Amino acid sequence: MSHLVAYKLENCPSPSRERIDEFDSGTHTIYLFKSLEISDLMVSMGRGFGFGKVILFGEHFVVHGVPGIASAIDLTTEAEVQKTQDGITIKDERRSAKGYTEKKRTQQKESIQRMLETMGIDSEKTSLEIRLGGNLPSFSGIGASAASSVAITKAIAEELGMDLPDERINEIAYEAEKAYAGTPSGIDNSAATYGGLIWFRRNLSGGSNTIERLSIRQPVEVVIGNTRVVANTKEMVAGVAERKRENPEKYDQLFSRAETLALEARKALEDYNLREVGRLMNENHGLLQEIEVSCEELDYLINLAREQGAFGAKLTGGGGGGCMVSLTPGKELQESVAQAMEKKGFEVLRVEIGV
Ligand code: PMV
């Protein structure tokens, strides 16, 4: 049997490893641990990343087959995965909204179980340490869960020597997203996997979804404002489905307008008609209010952005709290909208869409 010697407990790579002996050298306490196999001691690590996103048009409606438009933002979640001996452990070092990590912990664990299962990995027999970081904060509504699912999938695949194409990564992240969103549309994980500006339509018959890359003349500045209310996407998605079932006439009309609006928005983006994009964002927010997924804090920030001259503003993501996004072309407008929100004590992100 080989042994591993560490003169400080924190120097031991795995504190739960079996301790065989300890003795005093006079100046230090020497700890003796049972060693891993030499191959296990050679440090390997898998790495992966996923993009954060905003949904510019069609959140909630996309779950029911209406097209939506999302844009990745230039912030990412990064994951590092290392084989260990201690089961599946997660170290979440992302900057997060107060209460986010605790509230999402159960869903995060379930999502990793789903991920491993879909990858054909036996979670009982596999020990992995998963570390999450990167510059995408974990706020609700900017795709933090999808970005982490994509990042972790890529990192596990690399660590376990699995060569997975993006399409497969996206499928696995979709299965993981079910833990957070119940019946996700797939728009979040697609934006997190592929990046860019995407046109997305869920295939309700179970076939492949439509994912098209859109291109615009140049990236546009936006301001994302965080309400600090941690939202539960799963409950929000289920709530819309329930109200839609109870009130089909009203909801059919709203859903049909959301579809036309997405088509108009695609054209406006491709024509780089930003005034029109902003106007349509405002209208989209009106539809989201009608399906009851906005809240006081979101409406407050959205009005504030509009008063400051934003071309348009709406909630982004699941709603019920989380984030809003405002279209603020040019650094100057972006800055004045961002500062207005900061003055009121809200945290903002100054990013670009269409990068
Ligand atoms: O809150 P987020 O960032 O997870 O976005 C959810 C978007 C929904 O349209 C509400 C759900 C979905 O899967 O499309």
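Structure's up top.
I will try to describe carefully the structure that is included in this document. All values reported here derive from a predicted model rather than from experimental measurement. (Residues numbered from 1 in each chain as written. Predicted model: local features only at pLDDT ≥ 70, side-chain atom pairs only at ≥ 80, totals over all residues.)

1. Considerations on the packing of helix H3 (residues 144-159) against helix H4 (residues 166-181)
Taken N-terminus to C-terminus, the directions of H3 and H4 make an angle of 135°; their axes are 9 Å apart at the nearest point. Here H4 runs oblique to H3, going by the angle between their axes. Where H3 crosses over H4, the two elements pack in a sense that is right-handed. Contact residues: H3 offers Ser 145, Ala 146, Ser 149, Val 150, Thr 153 and Lys 154, while H4 offers Ile 169, Ile 172, Ala 173, Ala 176, Glu 177 and Tyr 180. Of the residues contributing to the contact of H3 with H4, the split by class is 7 nonpolar, 3 polar and 2 charged. (Axes fitted to C-alpha atoms, helices over the stretch in contact; angles between N-to-C directions. Helix = DSSP H or I, 4+ residues; strand = E, 2+ residues; numbered from the N terminus. Parallel < 35°, antiparallel > 145°, perpendicular 65-115°, else oblique. Left-handed = near helix turned anticlockwise from the far one by under 90°. Contact = placed C-beta atoms within 7 Å. Nonpolar A, V, L, I, M, F, W, Y, C, P; charged D, E, K, R; others polar.)

2. Considering the pairing of strand S11 (residues 312-316)
A large share of S11 lies buried, amounting to 5 of its 5 residues. In this sheet, strand S12 (residues 323-327) lies alongside S11 in antiparallel orientation, the contact comprising 5 bridges. Along S12, the bridge assignment pairs Leu 315 with Met 324. Between S11 and S12, which pair antiparallel and follow one another directly, the connecting turn spans 6 residues, one of which, Gly 317, has a positive phi of 90°. (Buried ≥ 20, exposed ≤ 12 C-beta atoms within 10 Å, placed from the backbone. Pairing = 2+ DSSP bridges.)

3. A short note on helix H7 (residues 248-270)
Relative to the 33 Å expected for 23 residues at 1.5 Å per residue, H7 spans 33 Å between its end C-alpha atoms, a close match to the ideal helical length. Taken together, the buried positions of H7 are occupied by Leu 254, Ala 258, Leu 261, Ala 262, Ala 265, Arg 266, Ala 268 and Leu 269. Looking one or two places after H7, you find Tyr 272, whose phi comes out positive at around 55°. (Expected span 1.5 Å × (residues − 1).)

4. Considering the site of the ligand
Taken together, 19 residues form the shell around the ligand, and within it Glu 59, Pro 184, Ser 185, Gly 317 and Gly 318 come nearest. The set of elements that each furnish at least two residues to the shell around the ligand consists of helix H5 (187-194) and helix H6 (233-246). Taken together, the residues that form the shell around the ligand break down as 7 nonpolar, 10 polar and 2 charged. Taken domain by domain, the makeup of the shell around the ligand includes at least three residues from each of domain 2 (46-214) and domain 3 (220-353). (Near = placed C-beta within 6 Å. Domains from an automatic or database assignment.)

5. Looking at the nonpolar core
Counting 93 residues, the largest nonpolar core has Val 54, Leu 56, Ala 70, Ile 152, Val 222, Ile 224 and Ala 265 as its most contacted members. Sorting elements by how many residues they give to this core places H3 first, with 9 residues. Looking at this core, you find at least three residues from each of domain 2 (46-214) and domain 3 (220-353). In this view, Ala 265 contacts Leu 56, Phe 57, Ile 69, Val 277 and Leu 280; residues no more than four positions away in its chain are not counted. (Core = buried A, V, L, I, M, F, W, Y, C linked by C-beta atoms within 7 Å.)

6. Some thoughts on the sheet that holds strand S13 (residues 347-353)
The strand order S11-S12-S10-S13 describes an open sheet built from 4 strands, whose pairing is antiparallel. In this open sheet, the two edge strands, each paired with only one partner strand, are S11 and S13. Averaged over all pairs of adjacent strands, the angle between their axes in this sheet comes to 25°, without regard to strand direction. Pairing geometry for strand S10 (residues 220-226) and S12, over 5 bridges, is antiparallel. Across the sheet, the residue bridging to Val 222 is Leu 327, located in S12. Each of S10, S11 and S12 is contacted by helix H8 (residues 274-290), which is oriented at about 45° to S11, the strand it contacts most. Running at roughly 5° to S10, helix H10 (residues 331-343) makes contact with S10, S12 and S13 of the sheet.

7. Points about the environment of Lys 91
Within the element layout of this structure, Lys 91 appears in strand S6 (residues 88-92). Look at Lys 91 and you get exposed, because 10 C-beta atoms sit within 10 Å. Lys 91 sits 198 residues away from Gln 289 along the chain, and the two C-alpha atoms are 37 Å apart. Beyond its immediate stretch of four places on either side in the chain, Lys 91 contacts Glu 129 and Arg 131.

8. A look at H8
Taking 1.5 Å of rise per residue, the 17 residues of H8 would be expected to cover 24 Å, and the 24 Å separating its terminal C-alpha atoms lies within 8% of that figure. The secondary structure elements touched by the buried residues of H8 are strand S4 (46-57), H7, helix H9 (296-307), S11 and S12. Two residues or fewer after H8 comes Glu 292, characterised by a positive phi angle close to 65°.

9. Quick look at unusual backbone geometry
The residue His 60 is not glycine, and still its phi comes out positive at about 70°. Its location among the elements puts His 60 in the loop between S4 and strand S5 (68-83). Overall, His 60 belongs to the buried group, with 29 C-beta atoms counted inside 10 Å. The backbone phi angle of Arg 228 is positive, close to 75°, even though this residue is not glycine. With respect to the secondary-structure elements, Arg 228 resides in the loop between S10 and H6.

10. A closer look at the environment of Ile 291
The topology assignment puts Ile 291 in the loop between H8 and H9. You can call Ile 291 buried: it has 22 C-beta atoms within 10 Å. For the pair Ile 291 and Gly 239, spaced 52 residues apart in the sequence, the C-alpha separation amounts to 9.2 Å. Once residues lying within four places of it in the same chain are set aside, the contact partners of Ile 291 are His 60, Val 240, Arg 243 and Leu 254.

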